[in-house]
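A look at the structure
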Amino acid sequence: LNELFSSLPTTIFEVMSKLAMEHSSVNLGQGFPDAEGPETMKQIASKAMYDFHNQYPSLLGVPELRQAVARHSLANQGIPVDWATETLVTVGATEGLAACFLGLLNPGDEVIMFDPMYDSYVSMARRSGAAIVPVRLRLPDFSVPLEELAAAVGPQTKMIMLNSPHNPSGKIFTRTELEAIADLCIRHDVIALCDEVYEHLVFGGAKHISLRSLPGMAERCVRLGSAGKTFSFTAWKVGWMTGPSRLLNPIIKAHQFLVFTVPSSLQRAVAHGLDRESEFYLSLGPTLEVKRRYLERELAALGFGVLPAHGAYFLVADVSKFLRSGEDDVAFAKRLTVEGGVTTIPISGFYVGANPPTHLVRFCYCKEDSKLEAAVERLKAYL
Ligand code: PMP
Ligand code: GLN
(Lines give C-alpha, C1' and ligand atoms only; values in the text may rest on other atoms or scores of the structure.)
(Ligands and ions follow the chains in the order given, each with its own letter.)
Protein backbone atom coordinates (compact mmCIF):
# COMPACT_ATOMS: atom_id res chain seq x y z
CA LEU A 1 0.00 0.00 0.00
CA ASN A 2 1.16 3.50 -0.66
CA GLU A 3 2.16 5.00 2.66
CA LEU A 4 1.02 8.53 1.94
CA PHE A 5 -2.45 7.64 0.71
CA SER A 6 -3.13 4.81 3.12
CA SER A 7 -2.58 7.15 6.05
CA LEU A 8 -4.73 9.99 4.67
CA PRO A 9 -8.04 10.80 6.33
CA THR A 10 -11.18 11.28 4.22
CA THR A 11 -11.46 14.88 3.00
CA ILE A 12 -13.17 17.21 5.45
CA PHE A 13 -15.75 18.17 2.78
CA GLU A 14 -17.05 14.61 2.54
CA VAL A 15 -16.93 14.17 6.33
CA MET A 16 -18.89 17.34 7.06
CA SER A 17 -21.44 16.84 4.25
CA LYS A 18 -22.15 13.31 5.51
CA LEU A 19 -22.54 14.57 9.07
CA ALA A 20 -24.83 17.35 7.83
CA MET A 21 -27.07 14.79 6.08
CA GLU A 22 -27.20 12.52 9.11
CA HIS A 23 -28.32 15.41 11.33
CA SER A 24 -30.49 17.29 8.81
CA SER A 25 -28.22 20.25 9.31
CA VAL A 26 -28.22 23.36 7.10
CA ASN A 27 -25.09 22.67 5.09
CA LEU A 28 -22.95 25.80 4.71
CA GLY A 29 -19.85 23.62 4.63
CA GLN A 30 -18.83 22.08 1.31
CA GLY A 31 -18.65 24.62 -1.52
CA PHE A 32 -21.42 24.03 -4.03
CA PRO A 33 -24.09 26.49 -5.16
CA ASP A 34 -27.84 26.03 -4.83
CA ALA A 35 -28.57 27.95 -8.05
CA GLU A 36 -27.37 26.07 -11.11
CA GLY A 37 -25.88 27.41 -14.31
CA PRO A 38 -27.56 28.35 -17.63
CA GLU A 39 -30.40 26.16 -18.92
CA THR A 40 -29.02 26.35 -22.48
CA MET A 41 -25.84 24.65 -21.32
CA LYS A 42 -27.85 21.70 -19.98
CA GLN A 43 -29.78 21.52 -23.27
CA ILE A 44 -26.57 21.57 -25.32
CA ALA A 45 -25.02 18.85 -23.16
CA SER A 46 -28.03 16.55 -23.48
CA LYS A 47 -28.50 17.25 -27.19
CA ALA A 48 -24.80 16.52 -27.78
CA MET A 49 -25.34 13.11 -26.19
CA TYR A 50 -28.21 12.37 -28.57
CA ASP A 51 -26.19 13.68 -31.51
CA PHE A 52 -23.69 10.85 -31.07
CA HIS A 53 -20.93 12.70 -29.26
CA ASN A 54 -20.38 9.68 -27.04
CA GLN A 55 -17.00 8.26 -28.02
CA TYR A 56 -13.54 9.33 -26.86
CA PRO A 57 -12.75 12.85 -27.96
CA SER A 58 -9.11 13.96 -28.37
CA LEU A 59 -7.16 13.69 -25.16
CA LEU A 60 -6.52 17.42 -25.36
CA GLY A 61 -10.24 18.29 -25.38
CA VAL A 62 -12.67 19.18 -28.17
CA PRO A 63 -11.44 22.03 -30.42
CA GLU A 64 -14.59 24.13 -29.76
CA LEU A 65 -13.85 24.23 -26.04
CA ARG A 66 -10.12 24.78 -26.44
CA GLN A 67 -10.82 27.68 -28.80
CA ALA A 68 -13.35 29.11 -26.35
CA VAL A 69 -10.83 28.78 -23.50
CA ALA A 70 -8.30 30.77 -25.56
CA ARG A 71 -10.88 33.49 -26.34
CA HIS A 72 -11.92 33.62 -22.69
CA SER A 73 -8.30 34.09 -21.59
CA LEU A 74 -7.81 36.99 -23.99
CA ALA A 75 -11.16 38.64 -23.28
CA ASN A 76 -10.99 38.47 -19.49
CA GLN A 77 -7.30 38.76 -18.68
CA GLY A 78 -5.76 40.04 -21.93
CA ILE A 79 -3.59 36.93 -22.13
CA PRO A 80 -3.23 35.64 -25.71
CA VAL A 81 -3.31 31.85 -25.96
CA ASP A 82 -2.72 29.58 -28.96
CA TRP A 83 -5.60 27.14 -28.59
CA ALA A 84 -3.82 24.39 -30.51
CA THR A 85 -0.68 24.23 -28.35
CA GLU A 86 -1.48 26.08 -25.12
CA THR A 87 -4.79 24.64 -23.85
CA LEU A 88 -5.88 21.42 -22.19
CA VAL A 89 -9.32 20.29 -21.00
CA THR A 90 -9.32 18.34 -17.73
CA VAL A 91 -11.71 16.46 -15.45
CA GLY A 92 -12.31 19.49 -13.29
CA ALA A 93 -9.47 21.56 -11.91
CA THR A 94 -8.78 18.71 -9.47
CA GLU A 95 -7.46 16.43 -12.19
CA GLY A 96 -5.71 19.40 -13.83
CA LEU A 97 -3.86 20.10 -10.60
CA ALA A 98 -2.86 16.45 -10.19
CA ALA A 99 -1.58 16.36 -13.79
CA CYS A 100 0.42 19.56 -13.16
CA PHE A 101 2.12 18.17 -10.07
CA LEU A 102 2.85 14.83 -11.73
CA GLY A 103 3.99 16.39 -14.98
CA LEU A 104 6.08 19.25 -13.64
CA LEU A 105 7.70 18.07 -10.41
CA ASN A 106 10.59 15.75 -9.62
CA PRO A 107 11.53 14.15 -6.30
CA GLY A 108 13.60 16.66 -4.35
CA ASP A 109 11.88 19.71 -5.82
CA GLU A 110 10.36 22.26 -3.47
CA VAL A 111 6.99 23.90 -4.06
CA ILE A 112 6.08 27.06 -2.21
CA MET A 113 2.40 27.09 -1.25
CA PHE A 114 0.45 29.62 0.75
CA ASP A 115 -0.97 28.33 4.00
CA PRO A 116 -3.95 27.76 4.31
CA MET A 117 -4.57 25.98 1.02
CA TYR A 118 -7.15 23.85 -0.78
CA ASP A 119 -6.73 20.30 0.44
CA SER A 120 -5.99 18.49 -2.83
CA TYR A 121 -2.68 20.29 -3.42
CA VAL A 122 -0.76 18.78 -0.54
CA SER A 123 -1.02 15.07 -1.17
CA MET A 124 -0.80 15.28 -4.93
CA ALA A 125 2.32 17.46 -4.82
CA ARG A 126 3.89 15.17 -2.20
CA ARG A 127 2.99 12.05 -4.21
CA SER A 128 5.04 13.47 -7.05
CA GLY A 129 8.02 13.45 -4.68
CA ALA A 130 8.19 17.18 -4.07
CA ALA A 131 8.37 18.86 -0.67
CA ILE A 132 5.94 21.62 0.24
CA VAL A 133 7.36 24.80 1.72
CA PRO A 134 4.40 26.58 3.33
CA VAL A 135 4.31 30.36 3.64
CA ARG A 136 1.57 31.38 6.02
CA LEU A 137 -0.80 34.16 4.98
CA ARG A 138 -1.23 36.76 7.71
CA LEU A 139 -4.48 37.16 9.58
CA PRO A 140 -6.88 38.86 9.59
CA ASP A 141 -6.78 39.64 5.85
CA PHE A 142 -4.61 36.73 4.69
CA SER A 143 -1.97 39.09 3.31
CA VAL A 144 1.28 37.72 1.90
CA PRO A 145 4.33 38.12 4.16
CA LEU A 146 6.59 39.29 1.36
CA GLU A 147 9.88 38.95 3.21
CA GLU A 148 9.05 35.45 4.38
CA LEU A 149 8.06 34.55 0.86
CA ALA A 150 11.37 35.78 -0.54
CA ALA A 151 13.25 33.87 2.18
CA ALA A 152 11.38 30.65 1.31
CA VAL A 153 12.84 30.57 -2.21
CA GLY A 154 15.94 28.37 -2.38
CA PRO A 155 17.98 26.36 -4.86
CA GLN A 156 15.42 23.50 -4.89
CA THR A 157 12.41 25.74 -5.48
CA LYS A 158 10.71 24.57 -8.67
CA MET A 159 7.27 26.11 -8.32
CA ILE A 160 5.19 28.72 -6.52
CA MET A 161 1.56 27.76 -6.27
CA LEU A 162 -1.05 30.46 -6.09
CA ASN A 163 -4.81 30.30 -5.59
CA SER A 164 -6.60 33.59 -6.18
CA PRO A 165 -9.43 34.18 -5.37
CA HIS A 166 -8.44 31.99 -2.48
CA ASN A 167 -10.07 29.01 -0.83
CA PRO A 168 -10.80 28.96 2.12
CA SER A 169 -10.42 32.71 2.80
CA GLY A 170 -11.98 34.49 -0.19
CA LYS A 171 -8.86 36.67 -0.37
CA ILE A 172 -7.86 38.18 -3.70
CA PHE A 173 -4.14 38.60 -4.17
CA THR A 174 -3.28 42.26 -4.70
CA ARG A 175 -1.27 43.64 -7.60
CA THR A 176 1.63 44.35 -5.23
CA GLU A 177 1.63 40.76 -4.01
CA LEU A 178 1.40 39.40 -7.54
CA GLU A 179 4.26 41.61 -8.70
CA ALA A 180 6.42 40.39 -5.85
CA ILE A 181 5.64 36.75 -6.73
CA ALA A 182 6.32 37.39 -10.43
CA ASP A 183 9.61 39.06 -9.58
CA LEU A 184 10.71 36.02 -7.53
CA CYS A 185 9.65 33.60 -10.27
CA ILE A 186 11.61 35.48 -12.91
CA ARG A 187 14.70 36.11 -10.79
CA HIS A 188 14.96 32.49 -9.62
CA ASP A 189 13.62 30.81 -12.75
CA VAL A 190 10.64 29.31 -10.95
CA ILE A 191 7.36 28.04 -12.47
CA ALA A 192 4.03 29.40 -11.22
CA LEU A 193 0.91 27.28 -10.93
CA CYS A 194 -2.22 29.40 -10.67
CA ASP A 195 -5.47 27.92 -9.46
CA GLU A 196 -7.97 30.53 -10.63
CA VAL A 197 -11.16 28.49 -10.46
CA TYR A 198 -12.93 31.39 -8.70
CA GLU A 199 -11.71 34.01 -11.21
CA HIS A 200 -15.20 35.43 -11.85
CA LEU A 201 -16.40 35.32 -8.25
CA VAL A 202 -15.22 38.76 -7.23
CA PHE A 203 -16.98 41.70 -5.56
CA GLY A 204 -16.61 44.76 -3.37
CA GLY A 205 -14.73 46.77 -6.01
CA ALA A 206 -11.94 44.19 -6.21
CA LYS A 207 -10.54 42.99 -9.51
CA HIS A 208 -9.05 39.59 -10.16
CA ILE A 209 -5.66 39.85 -11.84
CA SER A 210 -4.10 36.69 -13.19
CA LEU A 211 -0.43 36.25 -12.34
CA ARG A 212 -0.09 34.97 -15.93
CA SER A 213 -1.00 38.43 -17.25
CA LEU A 214 2.05 40.09 -15.66
CA PRO A 215 5.10 40.84 -17.82
CA GLY A 216 7.36 37.83 -18.26
CA MET A 217 4.89 35.41 -16.62
CA ALA A 218 3.00 33.92 -19.59
CA GLU A 219 5.97 31.72 -20.45
CA ARG A 220 6.39 30.37 -16.91
CA CYS A 221 2.85 30.12 -15.66
CA VAL A 222 0.09 27.51 -15.94
CA ARG A 223 -3.39 28.78 -15.14
CA LEU A 224 -6.42 26.64 -14.27
CA GLY A 225 -10.16 27.26 -14.55
CA SER A 226 -13.29 25.24 -13.75
CA ALA A 227 -16.81 25.02 -15.16
CA GLY A 228 -17.86 23.90 -11.70
CA LYS A 229 -17.18 27.39 -10.37
CA THR A 230 -17.70 29.51 -13.52
CA PHE A 231 -21.08 27.95 -14.37
CA SER A 232 -22.13 26.51 -11.01
CA PHE A 233 -22.08 22.96 -12.38
CA THR A 234 -19.79 21.36 -9.80
CA ALA A 235 -20.82 17.80 -10.75
CA TRP A 236 -19.84 18.21 -14.40
CA LYS A 237 -16.16 18.13 -13.49
CA VAL A 238 -14.97 20.01 -16.55
CA GLY A 239 -11.85 22.11 -16.10
CA TRP A 240 -9.29 23.70 -18.38
CA MET A 241 -5.78 25.04 -18.29
CA THR A 242 -3.67 27.37 -20.34
CA GLY A 243 0.10 27.63 -20.35
CA PRO A 244 3.17 27.57 -22.57
CA SER A 245 3.53 24.33 -24.56
CA ARG A 246 6.91 23.64 -22.92
CA LEU A 247 5.08 23.26 -19.57
CA LEU A 248 1.84 21.82 -20.94
CA ASN A 249 3.58 18.95 -22.78
CA PRO A 250 4.57 16.89 -19.72
CA ILE A 251 1.26 17.80 -18.04
CA ILE A 252 -0.57 16.39 -21.07
CA LYS A 253 1.40 13.15 -20.71
CA ALA A 254 0.27 12.84 -17.09
CA HIS A 255 -3.33 13.69 -18.09
CA GLN A 256 -3.37 11.05 -20.84
CA PHE A 257 -2.75 8.31 -18.30
CA LEU A 258 -4.76 9.74 -15.44
CA VAL A 259 -8.03 10.04 -17.34
CA PHE A 260 -7.14 10.28 -21.06
CA THR A 261 -10.09 12.54 -21.82
CA VAL A 262 -13.27 14.32 -20.68
CA PRO A 263 -16.95 13.70 -21.73
CA SER A 264 -17.43 15.52 -25.04
CA SER A 265 -21.11 16.37 -24.47
CA LEU A 266 -20.15 18.39 -21.40
CA GLN A 267 -17.19 19.97 -23.17
CA ARG A 268 -19.48 21.23 -25.94
CA ALA A 269 -21.83 22.80 -23.44
CA VAL A 270 -18.95 24.49 -21.61
CA ALA A 271 -17.62 25.83 -24.92
CA HIS A 272 -21.00 27.47 -25.49
CA GLY A 273 -20.94 28.80 -21.93
CA LEU A 274 -17.53 30.44 -22.23
CA ASP A 275 -18.47 32.03 -25.54
CA ARG A 276 -22.09 33.00 -24.91
CA GLU A 277 -22.95 32.95 -21.22
CA SER A 278 -20.64 35.61 -19.82
CA GLU A 279 -23.75 37.32 -18.44
CA PHE A 280 -24.16 34.35 -16.11
CA TYR A 281 -20.67 34.29 -14.68
CA LEU A 282 -20.35 38.07 -14.53
CA SER A 283 -23.52 38.21 -12.43
CA LEU A 284 -22.14 35.81 -9.83
CA GLY A 285 -20.02 38.41 -8.00
CA PRO A 286 -22.82 40.93 -7.34
CA THR A 287 -25.25 38.15 -6.31
CA LEU A 288 -22.72 36.69 -3.92
CA GLU A 289 -21.89 40.06 -2.44
CA VAL A 290 -25.49 40.55 -1.27
CA LYS A 291 -25.49 37.13 0.37
CA ARG A 292 -22.13 37.76 1.97
CA ARG A 293 -23.18 41.13 3.42
CA TYR A 294 -26.25 39.51 4.95
CA LEU A 295 -24.28 36.68 6.54
CA GLU A 296 -21.50 39.02 7.70
CA ARG A 297 -23.99 41.24 9.43
CA GLU A 298 -25.86 38.42 11.13
CA LEU A 299 -22.73 36.53 12.21
CA ALA A 300 -21.10 39.68 13.59
CA ALA A 301 -24.26 40.43 15.60
CA LEU A 302 -24.04 36.94 17.10
CA GLY A 303 -20.42 37.43 18.20
CA PHE A 304 -18.49 35.81 15.36
CA GLY A 305 -15.40 37.67 14.18
CA VAL A 306 -15.83 37.99 10.42
CA LEU A 307 -12.59 38.07 8.43
CA PRO A 308 -12.49 40.31 5.32
CA ALA A 309 -12.68 38.93 1.77
CA HIS A 310 -13.47 40.03 -1.80
CA GLY A 311 -13.98 36.81 -3.70
CA ALA A 312 -15.03 33.17 -3.95
CA TYR A 313 -18.05 32.14 -1.89
CA PHE A 314 -16.52 31.55 1.48
CA LEU A 315 -16.60 33.52 4.70
CA VAL A 316 -14.06 32.74 7.42
CA ALA A 317 -15.23 33.46 10.94
CA ASP A 318 -13.40 33.58 14.25
CA VAL A 319 -15.35 31.38 16.67
CA SER A 320 -13.13 31.92 19.74
CA LYS A 321 -16.09 33.29 21.65
CA PHE A 322 -18.01 30.02 21.31
CA LEU A 323 -15.26 27.46 21.92
CA ARG A 324 -15.67 25.37 25.04
CA SER A 325 -12.66 24.49 27.15
CA GLY A 326 -10.28 22.27 25.13
CA GLU A 327 -12.41 22.51 22.01
CA ASP A 328 -10.83 23.22 18.62
CA ASP A 329 -12.36 24.23 15.28
CA VAL A 330 -13.00 20.61 14.25
CA ALA A 331 -14.81 19.72 17.49
CA PHE A 332 -16.75 22.99 17.33
CA ALA A 333 -17.84 22.42 13.72
CA LYS A 334 -19.00 18.90 14.57
CA ARG A 335 -20.89 20.10 17.66
CA LEU A 336 -22.49 22.91 15.69
CA THR A 337 -23.69 20.39 13.09
CA VAL A 338 -24.99 17.82 15.57
CA GLU A 339 -26.47 20.15 18.19
CA GLY A 340 -26.98 23.45 16.39
CA GLY A 341 -28.04 22.14 12.99
CA VAL A 342 -25.62 24.31 10.99
CA THR A 343 -22.61 22.91 9.15
CA THR A 344 -19.35 24.77 8.47
CA ILE A 345 -15.85 23.64 7.57
CA PRO A 346 -13.10 23.86 10.22
CA ILE A 347 -10.06 25.35 8.54
CA SER A 348 -7.14 24.01 10.58
CA GLY A 349 -7.02 21.12 8.08
CA PHE A 350 -6.24 23.57 5.27
CA TYR A 351 -2.87 24.31 6.89
CA VAL A 352 0.33 22.38 6.23
CA GLY A 353 2.63 24.26 8.63
CA ALA A 354 2.86 23.51 12.35
CA ASN A 355 0.40 25.00 14.85
CA PRO A 356 -2.45 26.01 12.58
CA PRO A 357 -5.09 28.35 13.95
CA THR A 358 -7.86 26.33 15.59
CA HIS A 359 -10.40 29.12 16.08
CA LEU A 360 -11.58 29.62 12.50
CA VAL A 361 -14.39 28.01 10.51
CA ARG A 362 -15.54 28.59 6.94
CA PHE A 363 -19.12 29.29 5.91
CA CYS A 364 -20.08 28.72 2.27
CA TYR A 365 -22.79 31.20 1.30
CA CYS A 366 -23.62 30.45 -2.38
CA LYS A 367 -26.97 29.23 -1.10
CA GLU A 368 -30.65 30.19 -1.40
CA ASP A 369 -31.51 33.16 0.83
CA SER A 370 -34.01 30.99 2.70
CA LYS A 371 -31.23 28.56 3.58
CA LEU A 372 -28.97 31.33 4.84
CA GLU A 373 -31.86 32.71 6.89
CA ALA A 374 -32.62 29.26 8.32
CA ALA A 375 -28.96 28.89 9.31
CA VAL A 376 -28.97 32.27 11.03
CA GLU A 377 -32.17 31.38 12.94
CA ARG A 378 -30.64 28.12 14.11
CA LEU A 379 -27.44 29.88 15.21
CA LYS A 380 -29.48 32.43 17.14
CA ALA A 381 -31.38 29.66 18.88
CA TYR A 382 -28.29 27.56 19.66
CA LEU A 383 -25.44 29.89 20.51
N1 PMP B 1 -9.26 24.51 -6.58
C2 PMP B 1 -9.96 25.12 -5.61
C3 PMP B 1 -9.34 26.25 -4.89
C4 PMP B 1 -11.23 24.68 -5.29
O5 PMP B 1 -11.90 25.27 -4.30
C6 PMP B 1 -11.79 23.63 -6.01
C7 PMP B 1 -13.19 23.24 -5.67
N8 PMP B 1 -13.51 22.01 -5.61
C9 PMP B 1 -11.02 23.02 -7.01
C10 PMP B 1 -9.76 23.50 -7.27
C11 PMP B 1 -11.51 21.85 -7.81
O12 PMP B 1 -12.31 22.23 -8.86
P13 PMP B 1 -13.12 21.16 -9.73
O14 PMP B 1 -14.40 20.91 -9.03
O15 PMP B 1 -13.24 21.80 -11.06
O16 PMP B 1 -12.30 19.92 -9.78
N1 GLN C 1 -14.05 23.12 -3.46
C2 GLN C 1 -15.10 22.79 -2.58
C3 GLN C 1 -14.89 23.47 -1.24
O4 GLN C 1 -13.84 23.99 -0.98
C5 GLN C 1 -15.28 21.34 -2.31
C6 GLN C 1 -14.77 20.35 -3.24
C7 GLN C 1 -14.76 18.99 -2.67
O8 GLN C 1 -15.63 18.60 -1.93
N9 GLN C 1 -13.76 18.28 -2.96
O10 GLN C 1 -15.77 23.44 -0.46
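The residue numbers shown here count from 1 along each chain, following its written sequence. The order in which chains are written sets their letters, starting at A; the order in which ligands are written sets their numbers, starting at 1. Residue-level local features of this predicted model are given only where pLDDT is at least 70; pairs of side-chain atoms are given and counted only at 80 or more, and the full residue set underlies all totals for whole chains, interfaces and linings.

**Notes on the overall build of the chain**
Secondary structure assignment for the chain yields 15 helices and 13 strands. Its C-alpha atoms give the chain a radius of gyration of 20 Å, within 12% of the compact-globule value 21 Å for 383 residues. Principal axes of the C-alpha set define a box for the chain whose edges measure 55 × 55 × 50 Å. Here the chain, with 383 residues, has 48% of them falling under the buried criterion. Considering only contacts in the chain between residues 6 or more positions apart, those separated by 24 or more positions represent 74%. Each helix is a run of H or I in the DSSP string that is no shorter than four residues. Each strand is a run of E no shorter than two, and both are numbered from the N terminus. With C-alpha atoms as the basis for the radius of gyration, the globule rule is written as 2.2 Å multiplied by the number of residues raised to the power 0.38. Any residue surrounded by 20 or more other C-beta atoms within 10 Å of its C-beta is treated as buried, while 12 or fewer makes it exposed and the intermediate range makes it partly exposed; C-beta atoms here are placed from the backbone. Here the contact rule is simple: place C-beta atoms from the backbone, and any two residues whose C-beta atoms are within 7 Å are in contact.

**A few points about the site of ligand 1**
Being near a molecule or strand means, for a residue, that its C-beta atom, positioned from the backbone, comes within 6 Å of it. Around ligand 1, the structure places 14 residues, and the nearest of them are Gly 92, Ala 93, Thr 94, Asn 167 and Ser 226. Looking at the shell around ligand 1, the element that brings in the most residues is helix H6 (residues 92–104), giving three residues.

**Here we look at the environment of Lys 171**
In this fold, Lys 171 is placed in the loop between strand E5 (157–163) and helix H9 (175–188). Residues contacting Lys 171, with those up to four places away along its chain left out, are Asp 141, Phe 142, Pro 165, His 166 and Ala 309.

**Quick word on the site of ligand 2**
Around ligand 2 lies a shell formed by Thr 11, Phe 13, Gln 30, Gly 31 and Asn 167. The residue classification treats Ala, Val, Leu, Ile, Met, Phe, Trp, Tyr, Cys and Pro as nonpolar and Asp, Glu, Lys and Arg as charged. All others, Gly included, are polar. Split by residue class, the shell around ligand 2 holds one nonpolar, four polar and no charged.

**Quick look at the domain arrangement of the chain**
One frequently used descriptor of interface size is the decrease in accessible area upon assembly of the parts. The domain boundaries assigned to the chain delineate domain 1 (3–37 + 280–382) and domain 2 (39–276). Opposite the 35 residues of domain 1 that make contact, domain 2 presents 37 residues. Those elements giving two or more residues to the side of domain 1 that touches domain 2 turn out to be helix H13 (278–302) and strand E10 (314–318). Broken down by class, the residue content of the side of domain 1 that touches domain 2 amounts to 25 nonpolar, seven polar and three charged. Domain ranges listed in this record stem from an automatic or a database domain assignment.

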